[in-house]
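A structural walkthrough
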Amino acid sequence: MRQATAAAIELKSGPEIEAIRRAGKAVSCVLAKVAAAVRPGVKTSELETVARDQSKSHGVKPAFLGYRGYPAALCVSVNAEVVHGIPSALRALAEGDIVSLDYGCVLEGFYADAAVTLGVGRIAAQAQKLLDVTRVSLERAIAAMRTDARLGDVSSAVQDYVEEQGFSIVLDFSGHGIGRALHEAPSVPNYGTAGTGTRLSPGLVLALEPMVSAGTGRTEVLADGWTAVTRDGSLAAHFEHTVALTESGPDILTEGHG
Ligand code: MF3
Ligand code: CO
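So, a few notes on the structure that sits alongside this text. (Residues numbered from 1 in each chain as written. Chains lettered and ligands numbered in written order. Predicted model: local features only at pLDDT ≥ 70, side-chain atom pairs only at ≥ 80, totals over all residues. Heavy atoms only, no water.)

Topic: the coordination of the cobalt ion (ligand 2)
Each protein donor to the cobalt ion (ligand 2) is listed here as Asp113 (OD), His176 (NE2), Glu209 (OE) and Glu240 (OE); together their distances run 2.1 to 2.3 Å. Read in sequence order, the donor residues for the cobalt ion (ligand 2) give the motif D-x62-H-x32-E-x30-E. On the criterion of sequence distance, the pair formed by Asp113 in strand 5 (residues 110–119) and His176 in strand 7 (residues 175–177) is long-range, its members being 63 residues apart. The exposure class assigned to His176 is buried, which follows from its relative accessible area of 0%. (Donors = N, O, S within 2.8 Å, 3.2 Å for Na, K, Ca; no water. Helix = DSSP H or I, 4+ residues; strand = E, 2+ residues; numbered from the N terminus. Buried < 20%, exposed > 50% of the residue type's maximum accessible area, 1.4 Å probe, protein only.)

So, in structure tokens, the structure goes:
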């Protein structure tokens, strides 16, 4: 998401977290099916079709379709596209591309949201490193989600690791609280200072979503009003999970397909 959210943070009960987990399991299943359809030559609109069909099979409503006018169920962002790429019949994936797949759904009134970036066929070593670093930065963020830690601990876990690995944080987009709405408080930037910000407590549910670039990380939005691309044309990657903080630590809710 782009906007910071100032509203109060709504902590979730155990049953609410289980409802988000049911939505999250569907997200995981849909994304796995879309990922399995990624290959050189596939049109990004065909991936959208898979996402819509799978949403139906799982009995969930796509969260992004119609959100602020977004025209699809899936975001498909290729190479220098960071997020919010709109599926198109004119866009076919090619060997060596990297492609970010972002999908969310709503089930029984609760939202879940996740994203993954994949290589199409064989990809360059530097592209693979970008994917690995972005995925690990999400793992670092999840591990930092502990009772009595601060939001800045989560943000700085991403930033410190990504910069140490020689890549840049995309500053223009952030993670977010999630639950009865797709975007809730708090906003979770992928940069910040450890030991600062809101204290974390059990019941907090966050969509953590590091976006990382091999260049400067500065972005602009294309004329379609959605697709965010790196200004310098460098590759970008995006991984996202919906994660609950429970009494026993962080719990990933967008897992468990198959
Ligand atoms: N994961 C993204 C986000 O949280 C996807 C939103 S796409 C939109 O912002 F269409 F819903 F905006
Ligand atoms: Co999100």
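That was the structure; now back to the text.
Quick word on the sheet that holds strand 13 (residues 236–238)
Strand order across the open sheet formed by three strands is 6-10-13, with antiparallel pairing between neighbours. At either end of the open sheet lies a strand with only one pairing partner, and these are strand 6 (168–169) and strand 13. Pairing between strand 10 (residues 211–213) and strand 13: three bridges, direction antiparallel. In the sheet register, Ser213 faces strand 13, and the bridge partner there is Ala236. The strands touched by helix 3 (residues 125–143) within the sheet are strand 10 and strand 13, with strand 13 carrying the most contacts at an inclination of about 35°. (Pairing = 2+ DSSP bridges. Contact = heavy atoms within 4.5 Å. Axes fitted to C-alpha atoms, helices over the stretch in contact; angles between N-to-C directions.)

Describing the packing of aromatic side chains
One pass over the full model with this rule turns up one aromatic pair. With 4.9 Å between their ring centres and 80° between their planes, Tyr70 and Trp226 make a pair best called edge-to-face. Here the residue Tyr70 occupies a position in the loop between strand 1 (61–62) and strand 2 (74–78), and Trp226 occupies one in the loop between strand 11 (219–221) and strand 12 (228–230), the gap between them amounting to 156 residues. You'll find Tyr70 and Trp226 in the same group, each marked buried. (Phe/Tyr/Trp six-rings, centres within 6.5 Å; stacked < 30°, edge-to-face > 60°.)

Some remarks on the sheet that holds strand 3 (residues 81–83)
Pairing between the strands of a sheet is mediated by backbone hydrogen bonds and can be parallel or antiparallel. Reading across from one edge, 3-12-11 is the order of the three strands in this open sheet, with antiparallel pairing throughout. Lying at the two open borders of the sheet, with one neighbouring strand each, are strand 3 and strand 11. Direction aside, neighbouring strands of the sheet carry axes that sit 40° apart on average. The sheet contact formed by strand 3 and strand 12 spans two bridges and is antiparallel. What sits directly across from Glu81, in strand 12, is Val229.

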